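Working through the structure, step by step
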Amino acid sequence: MSRTHDLLILIAAIAAGVAQTGCLAEALEGEPAEGQLGSTGEALTSTNRLSMNRLSMNRLSMNGLSAGGLSPSGADLSSTELIETPEGRELLTYVIRCALPEGESLSGAHGGVTYTFPGAVGVAPDWRDEPLDPAGQRWVSACLLAHVNGYGVEVPISLRGEHEALGTTTTERAQFNAQEAAFYGNLFGSGPDHGMYACAGAAVEAQCGASPSAEVPWRSCGASEGCELAFVGPCRDLAQPALQTCENTSADFVEDCYTEAGGPDGWSGDLVKYPEVITVYLKRDDFNALYPGCAPLP
């Protein structure tokens, strides 16, 4: 099945899902409402339509923002060129959402308009007052990558990982039961610890197998053949347990993931390991709509 054909199926499935079940939020036209992309009501559920292109194009500006605190005054956003364009403000929406916890927000003005960006997840709360440290860089990067959506359609996601901000409830775990993918990397700075990575979660591996849909995380990359997100393979290879991307794979999330999969003898010494990993879960119906080339989850 071609990717173009799969995309047409996906669009139809999304439209049907919105009309019949409401599981997928409607696609928005133009620029998202500033500061209105908050959480969906539970501590670690969120929605996503961040463009990979916008994330990639603004990485230098984001890196400059990380060199100091997000807010020297405690309320106003630090000076950044990101606030000057719709694309930059979209990225800022997700940067602040990921970094600061729910109940906190930062505001900045441009062209006589004040924009407010609320926090939601809170994986780097100290960034508000001080530069983003390396671990914070990797947590924010993982969170941003988890929010990328190649189709521009908001989909509710559940974020899980070994961070105090990423706890879940029994209700959330029951509603979001399809482990889609885990995201990690570093969007700041340069050098070996610099890149964008994802590995396939249990649902993608079990339902997609060797189909074309398993080549990349479709929600993140859409139909793009040149997606900058490096897809490493299964987080935990169910068919070949000796081939692992991540050292630790609990029942709920994965951590300590590498830039390449390791074999029976483990990982080579020159690979970068990321302890800061965020595993994304989808609702069953959303998973089936976003992965139309895979066997549907019952």
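Quick look at the structure, then.

What counts and how
Residues numbered from 1 in each chain as written. Predicted model: local features only at pLDDT ≥ 70, side-chain atom pairs only at ≥ 80, totals over all residues. Heavy atoms only, no water. Helix = DSSP H or I, 4+ residues; strand = E, 2+ residues; numbered from the N terminus. Buried < 20%, exposed > 50% of the residue type's maximum accessible area, 1.4 Å probe, protein only. Expected span 1.5 Å × (residues − 1). Pairing = 2+ DSSP bridges. Salt bridge = Lys/Arg side-chain N within 4 Å of Asp/Glu carboxyl O. Patch = residues over 30% accessible without salt bridge, like charges linked within 9 Å, V, L, I, M, F, W, Y side chains within 5 Å. Areas by Shrake-Rupley, 256 points an atom, 1.4 Å probe, with all protein chains shown as cover. Lys, Arg positive; Asp, Glu negative; His and termini not counted. Charge placed at Lys NZ, Arg CZ, Asp CG, Glu CD. Phe/Tyr/Trp six-rings, centres within 6.5 Å; stacked < 30°, edge-to-face > 60°. Lys NZ or Arg CZ within 6 Å of the ring centre and 35° of its normal. Disulfide = S-S within 2.5 Å.

Points about the overall build of the chain
Broken down by element type, the chain carries nine helices and 11 strands. Counting only residues that meet the buried cut, the chain has 53% of its 298 residues in that class.

Observations concerning helix H5 (residues 134–146)
Residues that lie three or four places apart on an α-helix share one face, since the helix turns once every 3.6 residues. A rise of 1.5 Å per residue sets the reference length of H5, with its 13 residues, at 18 Å; its end C-alpha atoms lie 18 Å apart and thus fit the reference within 8%. Of all 13 residues making up H5, 11 are buried, and the element is well covered by its neighbours. Here H5 has its buried residues at Gly136, Gln137, Arg138, Trp139, Val140, Ser141, Ala142, Cys143, Leu144, Leu145 and Ala146.

Focus: unusual backbone geometry
In the Ramachandran plot, Asp256 falls in the positive-phi region, its phi being about 55° despite a non-glycine side chain. Counting through the fold element by element, Asp256 comes out in strand E9 (residues 254–262). Residue class for Asp256 comes out buried when judged on its relative accessible area of 13%.

Structural notes on the sheet that holds E9
Pairing is antiparallel in the open sheet, where three strands are placed in the order E8-E9-E10. Because the sheet does not close on itself, it has two edges, and the strands there are strand E8 (244–249) and strand E10 (273–274).

Brief notes about the pattern of salt bridges
Taken as a whole and judged by the stated rule, the model has five salt bridges. The partner of Glu276 in a salt bridge is Arg138, and the shortest N-O contact between them spans 2.7 Å. Within this pair, whereas Glu276 is found in the loop between E10 and strand E11 (278–282), its partner Arg138 is found in helix H5, the two being separated by 138 residues in sequence. Take Glu276: its relative accessible area is 6%, and that puts it in the buried class. When its relative accessible area of 15% is taken as the criterion, Arg138 is described as buried. A salt bridge links Arg284 to Asp285, with the nearest nitrogen and oxygen atoms 3.2 Å apart. Residue classification places Arg284 among the partly exposed residues on the basis of a relative accessible area of 37%.

Comments concerning a negative patch on the surface
On the surface, Asp126, Asp129, Glu130 and Asp133 cluster together into a negatively charged patch. Residue placement: Asp129 occurs in the loop between strand E3 (113–118) and H5.

With respect to the pairing of strand E6 (residues 195–200)
With respect to burial, E6 is a largely interior element, six of its six residues being buried. Judged by which residues are buried, E6 turns out to be covered on both faces: Gly195, Tyr197 and Cys199 on one side and Met196, Ala198 and Ala200 on the other are all buried. Note: strand E5 (residues 178–186) against E6, six bridges, orientation antiparallel. In the strand pairing of E6, Ala182 is matched with Cys199. Relative to strand E7 (residues 230–234), E6 runs parallel, the two sharing four bridges. Bridge assignment links Ala200 to a residue of E7, and that residue is Pro234.

A closer look at the packing of aromatic side chains
Tallying each qualifying case throughout the model produces five aromatic pairs. Ring geometry for Trp127 against Phe188: centres 6.1 Å apart, planes inclined by 85°, an arrangement best described as edge-to-face. Placement of the pair is Trp127 in the loop between E3 and H5 and Phe188 in the loop between E5 and E6, with a sequence separation of 61 residues. Neither residue differs from the other here; Trp127 and Phe188 are each classed as buried. One aromatic cluster in this structure is built from Tyr184, Tyr197 and Tyr274. Across from the ring centre of Tyr281, 3.7 Å away, lies the NZ or CZ of Arg160, which sits over that ring.

Re the pairing of E9
Taken across its nine residues, E9 has seven buried, putting it largely inside the fold. Linking two consecutive strands that pair antiparallel, namely E8 and E9, is a turn of four residues. Across two bridges, the pairing between E9 and E10 is antiparallel. Bridged to Cys257 within E10 is Tyr274.

Considerations on the state of the cysteines
Applying the stated criterion across every chain, the model contains four disulfides. Each sulfur in the disulfide pair Cys208 and Cys294 lies 2.0 Å from the other. As the torsion about the S-S bond is roughly 100°, the Cys208-Cys294 disulfide counts as right-handed. With Cys208 in helix H7 (residues 202–208) and Cys294 in the segment after helix H9 (284–290), this pair connects stretches of sequence that are 86 residues apart. According to the relative accessible area criterion, Cys294 is buried, its value standing at 8%. With a sulfur-sulfur separation of 2.1 Å, Cys246 is cross-linked through a disulfide to Cys257. Given an S-S torsion of about 100°, the disulfide between Cys246 and Cys257 has right-handed geometry. Taken together, the residues span a long stretch of sequence, with Cys246 in strand E8 and Cys257 in strand E9 at a distance of 11 residues. Residues Cys246 and Cys257 agree in their burial class; the two are buried.

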